[in-house]
Each structure stands twice: as C-alpha cells, then as structure tokens.
Amino acid sequence: MLLLVFWRFCRFLDYITRSLIEENESEFSAIWSKRIRRYGCAEIFVNKNFPGDYFFNKTKIITPCLDITLLISEAKKIFFSNKLDCFFHIPDDSLYRDTYNTLELQHFCYIDSMLAFSVNLEEQPPEHSKADYDPNVSQMIATDPSLVYTWVDLYCKSFEIENWKQPIHDLIMSRYLDFELIISKVKSNSVFVPAACALLYYYKKAMGLYCLGTLPEFRRKGLAMQIVKYSINRARTKRMKLFFVQTFLNDGFANMYNKAGLCLEYRKRIYANAHV
C-alpha cells in the first residue's frame with residue numbers, strides 16, 4: 001500500500017514538472033508564432049517567416065485526440081496554404097501509438113525527437129565552484145535595447161539563418177520585456193567579443209532556456225555549458241521552482257545537459273510531411 005501511494009505521488013510530481021515545461025513552451029511559442037487551439041487536444045503554431053523550422057512551426061499534441069484524422073487534415077491545410085511543411089510534436093508514450101500509425105498512413109515520417117531536461121531548484125542545492133569561473137569569458141544580460149541587434153546577429157549566425165534577421169529583430173523588439181537575452185563574450189586579442197547567445201523566458205514558476213547558439217569559430221570551448229550554468233543561477237536569483245531546456249536529439253547536445261546536472265524528464269516524437 002505504501003509503495004502504491006509513493007508511486008502515485010511520484011507520478012503527480014512528474015505531471016506537475018511536465019505541465020510547467022509544456023505551459024512555458026506554449027506561451028513562448030505563442031510569442032513567436034500564431035497559435036491556433038484545436039479540439040481541446042492540440043495547439044497549432046504557424047510563422048511563415050521561419051520555413052523549415054519545426055520548433056516555431058508545429059502541431060503540438062497535448063492529450064490524445066478523439067479524431068486525429070480530422071486534426072491532421074486541418075493542420076496540413078493550414079501549413080500547406082502558407083507554403084510550409086507540416087510538423088507534429090507528439091509525446092513519446094504508448095497512449096499515442098494510434099496517432100503514430102495514423103500519421104504514417106498519411107505519409108508523415110518520423111524525423112527527430114525533442115528531449116526535455118530539467119532541474120528542480122527547490123531540491124538541488126546551489127553549486128559554487130571556482131573551476132566554473134573563466135576570466136576569458138563574460139556573460140551579460142542585454143538590458144539595453146541597443147544590444148538586441150548584437151543578440152540577433154549572434155543567434156542568426158549561430159544557426160545559419162541570416163536571412164531571418166529582420167523578422168527576428170522585429171519580434172524581439174516588440175516583446176523585449178518578456179525575455180532575458182544572454183550574450184556571452186570571449187576575450188580575443190585582449191578584447192571581449194560576442195561569441196554565443198541564449199534567451200530566458202519565465203512563465204509561472206518555471207524558467208526555460210531557448211535559442212542557445214555559438215558562433216562556429218568559438219565552438220567546443222565550453223561556452224554553451226557556461227551559459228547553462230549561468231542560466232540556472234539566474235533562475236535561482238529569480239526564485240524559480242524549475243529550470244528546463246529542450247533539445248532536439250539530432251543536435252547532439254543531450255550529453256552536455258546531463259553533465260550540467262539536468263535530468264531527462266520526457267521525450268516527444270517529431271513527424272513531418274513536406275509541402276510540395
């Protein structure tokens with residue numbers, strides 16, 4: 001009996017953690033893309049300025065749908081009418097096996113997984129290590145709107161999407177106070193130069209780390225790890241309960257988040273159907 005109670009309690013905690021992450025992601029995505037809620041089971045996010053991006057263009061399944069075929073048909077119509085590929089994000093859970101099968105029957109392909117990592121800041125004590133300090137690296141929050149251009153330039157160059165600069169700059173400027181933009185600088189020839197970036201978004205008591213990128217010439221120097229640790233400390237300062245980050249399996253960063261002390265909470269499958 002005690003084991004059953006303990007199991008149910010653990011399941012409840014997992015549900016709370018997952019809900020905080022999912023709500024944060026949805027609210028963040030709704031800033032970047034138009035949100036369309038459908039049938040109480042899904043949210044569709046659309047932004048035709050970001051073709052091919054399956055984070056900002058997606059149908060996010062929240063709970064099993066009574067008529068998944070109807071949802072698929074409507075999602076395809078919305079995305080294809082905007083000349084965009086159609087992507088589905090679905091929890092990696094046996095409850096959704098019929099959804100996977102239906103998508104495959106409609107010529108969707110499984111292309112990637114999204115992994116959600118988190119740390120409960122109320123349970124994990126702060127880490128203080130002098131080894132983490134690097135005098136050649138400086139982290140800063142872009143509190144001055146004039147630094148937005150620097151952040152956008154870093155982000156677009158890191159992800160090789162420089163043709164998206166203007167819409168991203170306009171979006172960030174329009175919602176500047178909703179984000180904390182991190183700029184990481186590295187000492188080069190006695191001068192600190194911008195090298196990496198990230199974005200922090202708070203919703204309820206969870207802080208999400210998004211848009212983590214490093215310029216090609218500064219990769220494999222531990223900058224991303226330093227930004228993650230800096231962000232966790234920032235979340236503590238803001239008295240958040242939960243810090244999390246999502247990453248695509250194909251990007252190969254899962255091991256880094258494990259090393260940073262984050263735990264894998266859950267996975268999602270990503271399916272795609274290309275617009276012809």
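Refer to the structure presented above.
Now for a look at the structure at hand. None of the values given here were measured: they were computed from a predicted structure.

Moving on, we get to the overall build of the chain. Helix and strand counts for the chain come out as 7 helices and 11 strands. Computed over its C-alpha atoms, the radius of gyration of the chain comes to 20 Å, within 12% of the 19 Å expected for a compact globule of 276 residues. With respect to the three principal axes, the spread of C-alpha positions in the chain is 60 × 55 × 30 Å. Here the chain holds 276 residues, and the buried ones make up 49% of them.

Our focus in this paragraph is the pairing of strand β2 (residues 42–46). With 5 of its 5 residues buried, β2 lies for the most part within the structure. Side chains of β2 alternate between two faces, with Ala42, Ile44 and Val46 and Glu43 and Phe45 buried alike. Inspection of the sheet shows strand β1 (residues 34–38) paired to β2 by 5 bridges, in the antiparallel sense. Of the residues in β2, the one forming a bridge with Arg37 is Glu43. Following β1, the chain reverses through 3 residues before pairing antiparallel with β2; Tyr39 in that reversal takes a positive phi of roughly 60°. Sheet analysis places β2 next to strand β3 (residues 58–61), joined by 4 bridges and oriented antiparallel. Residue Ala42 lies in a different strand from β3, and its bridge partner there is Ile61.

Attention now moves to the sheet that holds β1. Spatial strand order, β1-β2-β3-β4-β11-β5-β10-β9-β8-β7-β6: 11 strands in an open sheet with mixed pairing. Of all strands in the sheet, those bounded by a partner on one side alone are β1 and β6 (137–141). Averaged over all neighbouring strand pairs, the angle between strand axes comes to 25°, with direction disregarded. Both strand β7 (residues 179–188) and strand β8 (residues 191–203) contribute to a ladder of 10 bridges, which runs antiparallel. By the bridge assignment for β8, Ser184 is matched with Ala196. Against the sheet, helix α2 (residues 68–81) engages β1, β2, β3, β4 (86–91) and β11 (263–273), with an angle of about 10° to β2.

A separate point is the environment of Lys58. Within the fold, Lys58 resides in strand β3. Exposure remark for Lys58: the relative accessible area of 0% places this residue in the buried category. The sequence separation of Lys58 and Glu43 amounts to 15 residues, and the corresponding C-alpha distance is 8.2 Å. If we skip the residues at most four places from it in the chain, Lys58 touches Glu25, Ser29, Glu43, Ile44, Phe45, Phe79, Phe87 and His89. There is a polar contact of 3.0 Å between the side chain of Lys58 and the side chain of Ser29. Only 3.1 Å separates the side chain of Lys58 from the backbone oxygen of Phe55, close enough to count as a polar contact.

Moving on, we come to the state of the cysteines. This model, assessed by the stated rule, comprises 1 disulfide. Between Cys41 and Cys65 runs a disulfide, and the two sulfur atoms are separated by 2.1 Å. Disulfide Cys41-Cys65: torsion about the S-S bond near 100°, hence right-handed. Pair noted here: Cys41 is in the loop between β1 and β2 and Cys65 is in the loop between β3 and α2, with a separation of 24 residues, a long-range link. Here Cys109 stays unpaired: no disulfide links it, and the sulfur of Cys86, its closest cysteine neighbor, is 12 Å away. Using a relative accessible area of 48% as the deciding quantity, one classes Cys109 as partly exposed.

Before going further, it helps to examine the side chain of Ser158. Here Ser158 shows up in helix α4 (residues 148–158). The exposure class of Ser158 is buried, given its relative accessible area of 7%. With near-sequence residues (within four places) excluded, Ser158 lies in contact with Gly213, Thr214, Leu215 and Arg219.

Turning next to the layout of surface pockets. Empty space among the atoms can be located by rolling a probe the size of a water molecule over them. Its boundaries defined by the atoms lining it, the largest pocket holds a volume of some 1100 Å³. Considering the residues around the largest pocket, the lining is formed by 38 residues, among which Phe159, Leu212, Gly213, Asp251 and Phe253 are closest to the centre. Within the residue set of the lining of the largest pocket, elements represented by two or more residues are β5 (109–120), α4, β9 (206–214), α6 (223–237), β10 (242–248) and α7 (254–259). If one sorts the elements of the lining of the largest pocket by residue count, β9 sits on top with 6 residues. For the lining of the largest pocket, a count of residues per class yields 23 nonpolar, 9 polar and 6 charged. If you go around the second largest pocket, you meet 23 residues; those closest to its centre are Tyr15, Arg18, Ser19, Ile62 and Tyr96. Of all the secondary-structure elements, those providing two or more residues to the lining of the second largest pocket are α1 (2–32), β3 and β11. No other element matches the 9 residues that α1 contributes to the lining of the second largest pocket. Among the residues making up the lining of the second largest pocket, the classes are represented as 8 nonpolar, 3 polar and 12 charged.

Conventions used here
- Residues numbered from 1 in each chain as written.
- Predicted model: local features only at pLDDT ≥ 70, side-chain atom pairs only at ≥ 80, totals over all residues.
- Heavy atoms only, no water.
- Helix = DSSP H or I, 4+ residues; strand = E, 2+ residues; numbered from the N terminus.
- Rg over C-alpha atoms; globule rule 2.2 N^0.38 Å.
- Buried < 20%, exposed > 50% of the residue type's maximum accessible area, 1.4 Å probe, protein only.
- Pairing = 2+ DSSP bridges.
- Axes fitted to C-alpha atoms, helices over the stretch in contact; angles between N-to-C directions.
- Contact = heavy atoms within 4.5 Å.
- Polar contact = N/O pair within 3.5 Å; in protein donor to acceptor, adjacent residues only side chain to side chain.
- Disulfide = S-S within 2.5 Å.
- 1 Å grid on protein atoms, 1.4 Å probe; cavity = no way out; pocket = protein on both sides within 12 Å on 5 of 7 lines; lining within 4 Å.
- Points joined across faces, edges and corners; volume = space filled by probe spheres on them.
- Nonpolar A, V, L, I, M, F, W, Y, C, P; charged D, E, K, R; others polar.

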